[in-house]
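Letter by letter, the chains look like this.
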Amino acid sequence: MFSRIYDNFFRRSRFDIYDQMLKYAIEQGYKFYTIEEFNSILVKGPLDTSVKYAILRHDIDTDPLTAYELFKIEKRYNIASTYYFRLNTIKEKLIERMLLKGEVEISYHYEEIATYAKKYRIKTPNEIYTHIESIRELFLENLDFFRKKLSVASSTVASHGDFVNVHLKLPNWYLCNDEVRKKGGIKVEAYDSFLMNFVTCRIADLGDIDGIWTPRGFYDSVSSNENVIYILVHPRQWYSRIYSNMKADFIRIKEGFSYKLL
(Lines give C-alpha, C1' and ligand atoms only; values in the text may rest on other atoms or scores of the structure.)
Protein backbone atom coordinates (compact mmCIF):
# COMPACT_ATOMS: atom_id res chain seq x y z
CA MET A 1 0.00 0.00 0.00
CA PHE A 2 2.67 2.50 1.08
CA SER A 3 4.89 1.45 -1.83
CA ARG A 4 2.08 2.19 -4.30
CA ILE A 5 1.45 5.61 -2.75
CA TYR A 6 5.16 6.40 -3.00
CA ASP A 7 5.33 5.25 -6.62
CA ASN A 8 2.26 7.26 -7.59
CA PHE A 9 3.04 10.53 -5.87
CA PHE A 10 6.55 10.79 -4.40
CA ARG A 11 8.97 8.81 -6.53
CA ARG A 12 11.67 10.97 -8.08
CA SER A 13 12.06 11.31 -11.83
CA ARG A 14 14.01 8.48 -13.47
CA PHE A 15 14.70 10.34 -16.71
CA ASP A 16 18.42 10.47 -15.97
CA ILE A 17 18.46 6.70 -15.48
CA TYR A 18 16.62 6.21 -18.76
CA ASP A 19 19.14 8.39 -20.56
CA GLN A 20 22.08 6.43 -19.18
CA MET A 21 20.50 3.09 -20.04
CA LEU A 22 19.97 4.02 -23.67
CA LYS A 23 23.48 5.40 -23.91
CA TYR A 24 24.88 2.17 -22.47
CA ALA A 25 22.92 0.03 -24.96
CA ILE A 26 24.31 2.06 -27.85
CA GLU A 27 27.84 1.77 -26.47
CA GLN A 28 27.36 -2.01 -26.39
CA GLY A 29 26.60 -1.97 -30.11
CA TYR A 30 22.80 -2.18 -30.13
CA LYS A 31 20.77 -0.59 -32.92
CA PHE A 32 17.18 0.33 -32.13
CA TYR A 33 14.17 -0.53 -34.30
CA THR A 34 10.43 0.04 -34.22
CA ILE A 35 8.25 -3.07 -34.20
CA GLU A 36 7.18 -2.36 -37.78
CA GLU A 37 10.81 -2.01 -38.88
CA PHE A 38 11.90 -5.21 -37.16
CA ASN A 39 8.94 -7.10 -38.62
CA SER A 40 9.95 -5.89 -42.10
CA ILE A 41 13.47 -7.22 -41.51
CA LEU A 42 12.03 -10.61 -40.56
CA VAL A 43 9.76 -10.70 -43.61
CA LYS A 44 12.74 -10.07 -45.88
CA GLY A 45 14.88 -12.51 -43.84
CA PRO A 46 17.04 -14.13 -42.75
CA LEU A 47 17.93 -12.29 -39.56
CA ASP A 48 21.59 -11.24 -39.33
CA THR A 49 22.88 -12.93 -36.17
CA SER A 50 25.95 -10.66 -36.13
CA VAL A 51 23.78 -7.57 -35.53
CA LYS A 52 22.54 -6.54 -32.09
CA TYR A 53 18.87 -5.59 -32.40
CA ALA A 54 16.92 -3.65 -29.76
CA ILE A 55 13.15 -3.33 -30.16
CA LEU A 56 11.89 -0.45 -28.01
CA ARG A 57 8.16 -0.45 -27.28
CA HIS A 58 6.15 1.99 -25.15
CA ASP A 59 2.63 1.22 -23.92
CA ILE A 60 0.97 4.53 -23.08
CA ASP A 61 -1.55 3.24 -20.56
CA THR A 62 -1.44 6.59 -18.76
CA ASP A 63 0.54 9.84 -18.82
CA PRO A 64 1.32 10.79 -22.44
CA LEU A 65 3.26 13.83 -21.19
CA THR A 66 5.87 11.59 -19.58
CA ALA A 67 5.89 9.48 -22.74
CA TYR A 68 6.94 12.61 -24.61
CA GLU A 69 9.77 13.24 -22.13
CA LEU A 70 11.06 9.71 -22.77
CA PHE A 71 10.75 10.31 -26.50
CA LYS A 72 12.88 13.47 -26.25
CA ILE A 73 15.62 11.49 -24.51
CA GLU A 74 15.53 8.92 -27.31
CA LYS A 75 15.92 11.66 -29.91
CA ARG A 76 19.23 12.71 -28.34
CA TYR A 77 20.60 9.41 -29.57
CA ASN A 78 18.54 9.11 -32.79
CA ILE A 79 16.82 6.03 -31.39
CA ALA A 80 13.84 4.53 -33.22
CA SER A 81 10.93 3.36 -31.05
CA THR A 82 7.26 2.37 -31.08
CA TYR A 83 4.55 4.12 -29.03
CA TYR A 84 1.16 2.47 -28.54
CA PHE A 85 -1.56 4.89 -27.40
CA ARG A 86 -4.94 3.97 -25.98
CA LEU A 87 -7.90 6.02 -27.21
CA ASN A 88 -8.00 7.80 -23.85
CA THR A 89 -4.27 8.67 -23.90
CA ILE A 90 -4.19 10.28 -27.35
CA LYS A 91 -2.69 13.79 -27.22
CA GLU A 92 -2.96 14.96 -30.80
CA LYS A 93 -0.58 17.95 -30.70
CA LEU A 94 2.01 16.02 -28.75
CA ILE A 95 1.90 13.11 -31.21
CA GLU A 96 2.22 15.54 -34.12
CA ARG A 97 5.47 16.83 -32.59
CA MET A 98 6.75 13.29 -32.21
CA LEU A 99 5.98 12.44 -35.83
CA LEU A 100 7.72 15.58 -37.06
CA LYS A 101 10.95 14.48 -35.36
CA GLY A 102 10.83 11.12 -37.15
CA GLU A 103 12.14 7.64 -36.29
CA VAL A 104 8.99 6.80 -34.36
CA GLU A 105 6.06 4.46 -34.91
CA ILE A 106 2.72 5.62 -33.48
CA SER A 107 0.03 2.98 -33.24
CA TYR A 108 -2.97 1.66 -31.37
CA HIS A 109 -3.03 0.10 -27.90
CA TYR A 110 -6.38 -1.63 -28.15
CA GLU A 111 -8.72 -2.96 -25.46
CA GLU A 112 -12.09 -3.61 -27.10
CA ILE A 113 -12.87 -6.88 -25.31
CA ALA A 114 -12.45 -5.17 -21.94
CA THR A 115 -14.32 -2.05 -23.09
CA TYR A 116 -17.24 -4.09 -24.39
CA ALA A 117 -17.37 -6.28 -21.29
CA LYS A 118 -17.48 -3.27 -18.99
CA LYS A 119 -20.15 -1.50 -21.04
CA TYR A 120 -22.48 -4.52 -21.18
CA ARG A 121 -21.50 -6.06 -17.81
CA ILE A 122 -20.24 -9.26 -19.39
CA LYS A 123 -18.77 -11.56 -16.76
CA THR A 124 -17.86 -14.79 -18.59
CA PRO A 125 -15.73 -15.77 -21.62
CA ASN A 126 -18.70 -17.56 -23.19
CA GLU A 127 -20.65 -14.30 -23.28
CA ILE A 128 -17.70 -12.64 -25.00
CA TYR A 129 -17.59 -15.39 -27.62
CA THR A 130 -21.26 -14.69 -28.35
CA HIS A 131 -20.50 -11.02 -29.00
CA ILE A 132 -17.04 -11.39 -30.53
CA GLU A 133 -17.98 -10.28 -34.06
CA SER A 134 -19.48 -7.05 -32.71
CA ILE A 135 -16.32 -6.52 -30.67
CA ARG A 136 -14.17 -7.06 -33.74
CA GLU A 137 -16.19 -4.53 -35.71
CA LEU A 138 -15.76 -2.06 -32.86
CA PHE A 139 -12.01 -2.63 -32.95
CA LEU A 140 -11.84 -1.99 -36.71
CA GLU A 141 -13.89 1.19 -36.31
CA ASN A 142 -11.62 2.44 -33.54
CA LEU A 143 -8.48 1.56 -35.48
CA ASP A 144 -9.78 3.49 -38.48
CA PHE A 145 -10.60 6.45 -36.21
CA PHE A 146 -7.10 6.30 -34.68
CA ARG A 147 -5.40 6.31 -38.08
CA LYS A 148 -7.48 9.15 -39.50
CA LYS A 149 -7.25 11.32 -36.41
CA LEU A 150 -3.47 11.10 -36.23
CA SER A 151 -2.67 10.56 -39.95
CA VAL A 152 -0.65 7.43 -39.19
CA ALA A 153 -0.39 4.04 -40.89
CA SER A 154 -0.57 1.99 -37.68
CA SER A 155 0.27 -1.29 -39.39
CA THR A 156 1.12 -2.92 -36.04
CA VAL A 157 -1.07 -3.00 -32.93
CA ALA A 158 -0.61 -4.02 -29.30
CA SER A 159 -3.14 -5.43 -26.86
CA HIS A 160 -3.71 -3.56 -23.59
CA GLY A 161 -4.23 -5.55 -20.40
CA ASP A 162 -7.19 -4.53 -18.24
CA PHE A 163 -8.47 -5.89 -14.92
CA VAL A 164 -11.50 -7.19 -16.84
CA ASN A 165 -9.22 -9.33 -19.01
CA VAL A 166 -7.79 -10.85 -15.84
CA HIS A 167 -11.29 -11.55 -14.57
CA LEU A 168 -12.40 -13.08 -17.87
CA LYS A 169 -9.07 -14.87 -18.38
CA LEU A 170 -9.30 -13.63 -21.95
CA PRO A 171 -6.76 -11.15 -23.39
CA ASN A 172 -7.75 -8.38 -25.78
CA TRP A 173 -5.57 -9.90 -28.50
CA TYR A 174 -8.10 -12.74 -28.81
CA LEU A 175 -10.14 -10.49 -31.13
CA CYS A 176 -7.25 -10.08 -33.57
CA ASN A 177 -7.85 -13.06 -35.87
CA ASP A 178 -6.78 -13.45 -39.51
CA GLU A 179 -9.94 -11.85 -40.88
CA VAL A 180 -9.57 -8.79 -38.66
CA ARG A 181 -5.92 -8.44 -39.65
CA LYS A 182 -6.83 -8.60 -43.34
CA LYS A 183 -9.68 -6.10 -43.03
CA GLY A 184 -7.62 -3.79 -40.86
CA GLY A 185 -4.39 -3.99 -42.85
CA ILE A 186 -2.53 -5.18 -39.74
CA LYS A 187 0.93 -6.58 -40.39
CA VAL A 188 1.66 -7.77 -36.88
CA GLU A 189 0.34 -7.85 -33.32
CA ALA A 190 3.08 -6.91 -30.90
CA TYR A 191 3.22 -10.38 -29.32
CA ASP A 192 2.87 -12.46 -32.48
CA SER A 193 4.93 -15.65 -32.34
CA PHE A 194 6.41 -14.79 -35.76
CA LEU A 195 8.03 -11.80 -34.07
CA MET A 196 8.65 -13.16 -30.58
CA ASN A 197 10.33 -16.37 -31.78
CA PHE A 198 13.32 -14.26 -32.79
CA VAL A 199 13.49 -12.38 -29.48
CA THR A 200 16.30 -13.77 -27.34
CA CYS A 201 15.56 -11.54 -24.33
CA ARG A 202 12.39 -9.68 -23.32
CA ILE A 203 12.37 -7.26 -20.39
CA ALA A 204 9.67 -4.95 -19.01
CA ASP A 205 9.79 -2.11 -16.50
CA LEU A 206 7.33 -3.60 -14.00
CA GLY A 207 9.52 -5.56 -11.61
CA ASP A 208 12.15 -4.99 -8.92
CA ILE A 209 15.40 -6.05 -10.57
CA ASP A 210 17.70 -3.06 -11.24
CA GLY A 211 15.04 -0.98 -9.52
CA ILE A 212 12.20 -1.78 -11.92
CA TRP A 213 13.04 -4.40 -14.55
CA THR A 214 11.63 -7.90 -14.90
CA PRO A 215 12.44 -10.76 -15.36
CA ARG A 216 16.05 -9.59 -15.20
CA GLY A 217 17.92 -6.32 -15.14
CA PHE A 218 18.47 -4.01 -18.09
CA TYR A 219 22.25 -3.91 -17.75
CA ASP A 220 22.49 -7.68 -17.29
CA SER A 221 20.47 -8.16 -20.47
CA VAL A 222 22.45 -5.69 -22.56
CA SER A 223 25.86 -6.84 -21.36
CA SER A 224 25.03 -10.48 -22.17
CA ASN A 225 25.19 -9.63 -25.89
CA GLU A 226 21.69 -10.85 -26.74
CA ASN A 227 20.96 -10.94 -30.45
CA VAL A 228 17.45 -9.42 -30.09
CA ILE A 229 16.29 -7.55 -26.98
CA TYR A 230 12.62 -6.57 -26.71
CA ILE A 231 12.23 -3.68 -24.25
CA LEU A 232 8.77 -2.75 -22.94
CA VAL A 233 8.42 0.64 -21.24
CA HIS A 234 5.50 2.33 -19.43
CA PRO A 235 5.63 6.10 -18.69
CA ARG A 236 4.21 5.66 -15.20
CA GLN A 237 7.37 3.85 -14.11
CA TRP A 238 9.59 6.83 -14.88
CA TYR A 239 7.86 9.82 -13.31
CA SER A 240 5.16 10.29 -10.66
CA ARG A 241 2.87 12.70 -12.46
CA ILE A 242 0.37 13.17 -9.67
CA TYR A 243 -2.68 14.36 -11.63
CA SER A 244 -2.31 11.67 -14.28
CA ASN A 245 -1.87 8.92 -11.69
CA MET A 246 -4.81 10.12 -9.60
CA LYS A 247 -7.04 10.26 -12.66
CA ALA A 248 -6.05 6.77 -13.81
CA ASP A 249 -6.52 5.30 -10.33
CA PHE A 250 -9.91 6.96 -9.92
CA ILE A 251 -11.12 5.58 -13.27
CA ARG A 252 -9.80 2.14 -12.37
CA ILE A 253 -11.60 2.13 -9.00
CA LYS A 254 -14.83 3.48 -10.48
CA GLU A 255 -14.85 0.93 -13.30
CA GLY A 256 -14.00 -1.92 -10.94
CA PHE A 257 -16.73 -0.95 -8.51
CA SER A 258 -19.32 -0.63 -11.27
CA TYR A 259 -18.30 -3.86 -13.02
CA LYS A 260 -18.45 -5.95 -9.86
CA LEU A 261 -21.77 -4.58 -8.64
CA LEU A 262 -23.79 -4.41 -11.84
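Before reading further, recall that the structure is shown in the block above.
Rules used in this analysis
Residues numbered from 1 in each chain as written. Predicted model: local features only at pLDDT ≥ 70, side-chain atom pairs only at ≥ 80, totals over all residues. Heavy atoms only, no water. Salt bridge = Lys/Arg side-chain N within 4 Å of Asp/Glu carboxyl O. Helix = DSSP H or I, 4+ residues; strand = E, 2+ residues; numbered from the N terminus. Core = buried A, V, L, I, M, F, W, Y, C linked by side-chain atoms within 4.5 Å. Buried < 20%, exposed > 50% of the residue type's maximum accessible area, 1.4 Å probe, protein only. Patch = residues over 30% accessible without salt bridge, like charges linked within 9 Å, V, L, I, M, F, W, Y side chains within 5 Å. Areas by Shrake-Rupley, 256 points an atom, 1.4 Å probe, with all protein chains shown as cover. Pairing = 2+ DSSP bridges. Right-handed = clockwise from strand over helix to strand, strands pointing away. Axes fitted to C-alpha atoms, helices over the stretch in contact; angles between N-to-C directions. Parallel < 35°, antiparallel > 145°, perpendicular 65-115°, else oblique. Left-handed = near helix turned anticlockwise from the far one by under 90°. Contact = heavy atoms within 4.5 Å. Nonpolar A, V, L, I, M, F, W, Y, C, P; charged D, E, K, R; others polar. Phe/Tyr/Trp six-rings, centres within 6.5 Å; stacked < 30°, edge-to-face > 60°. Lys NZ or Arg CZ within 6 Å of the ring centre and 35° of its normal.

Q: So what's going on with the pattern of salt bridges? Which residues, and what values?
A: Counted by the stated rule, this structure contains 13 salt bridges. Between R136 and E133 there is a salt bridge, with the nearest N and O atoms lying 3.0 Å from each other. Note that R136 and E133 are positioned in helix α7 (residues 125-150) at a spacing of three residues, about one turn of the helix. A single network of salt bridges, built from pairs that share partners, joins E137, E179 and K183.

Q: Help me get a handle on the nonpolar core, residues and values and all.
A: In terms of nonpolar packing, the biggest core is built from 60 residues, with Y83, I106 and F139 touching the most fellow members. Broken down by element, the residue count for this core peaks at eight residues, all from α7. By size, the runner-up hydrophobic cluster in this structure holds 16 residues, among which are L47, Y53, A158 and Y230.

Q: Break down a nonpolar patch on the surface for me, citing the residues and quoting the values.
A: A contiguous nonpolar patch, built from V43, F194 and F198 and spanning about 280 Å² of accessible area, is present on the exposed surface. Positionally, V43 belongs in helix α3 (residues 35-44).

Q: Mind laying out the pairing of strand β4 (residues 104-110), listing which residues take part and the relevant values?
A: Along any regular strand, the residues point their side chains to alternate faces of the sheet. Taking burial as the measure, the seven residues of β4 include seven buried ones, the bulk of the element. Sheet analysis places strand β3 (residues 81-85) next to β4, joined by five bridges and oriented parallel. Residue pairing for β4: Y83 is matched across the bridge by I106. Taken together, β3, helix α5 (residues 92-101) and β4 constitute a β-α-β crossover, and its handedness is right-handed. Two elements, β4 and strand β5 (residues 156-159), share three bridges in a ladder whose sense is parallel. When the bridges of β5 are listed, Y108 appears paired with V157.

Q: How would you explain the packing of helix α4 (residues 64-76) against α5 if you had to name every residue and give the values?
A: The geometry of α4 relative to α5 is characterised by a closest axis approach of 11 Å and an angle of 15° between their N-to-C directions. Judged on the interaxial angle alone, α5 and α4 are roughly parallel. Note that α4 runs across α5; the crossing there is left-handed. Here P64, L65, Y68, F71 and K75 of α4 lie close against α5, whose contacting residues are L94, R97, M98 and K101.

Q: Account for the packing of helix α6 (residues 112-119) against α7, naming residues and giving values.
A: Packing of α6 against α7 brings their axes to within 9 Å, and their N-to-C directions diverge by 120°. Considered as vectors, α6 and α7 are oriented oblique to each other. Seen along the crossing, α6 lies across α7 with a hand that is right-handed. Between α6 and α7, the residues in contact are E112, I113, Y116 and A117 and I128, H131, I132, S134, I135, L138, F139 and N142, respectively. Here the residues of the contact of α6 with α7 sort into eight nonpolar, three polar and one charged.

Q: Please give an account of the packing of aromatic side chains that cites residues and values.
A: A complete count under the given rule lists 18 aromatic pairs for this structure. Relative to Y239, the ring of F15 has its centre 5.7 Å away and its plane inclined at 25°; by these criteria the two rings are stacked. Residue F15 is located in helix α2 (residues 15-27), and its partner Y239 is located in the loop between β9 (228-233) and α12 (242-261); the two are separated by 224 residues in the primary sequence. On the accessibility criterion, Y239 (29% relative accessible area) is partly exposed. Taken together, the ring pairs connect Y18, Y24, W213, F218, Y219 and W238 into an aromatic cluster. Across from the ring centre of Y68, 5.0 Å away, lies the NZ or CZ of R97, which sits over that ring. Above the face of the Y174 ring, R136 is positioned so that its terminal group lies 5.8 Å from the ring centre.

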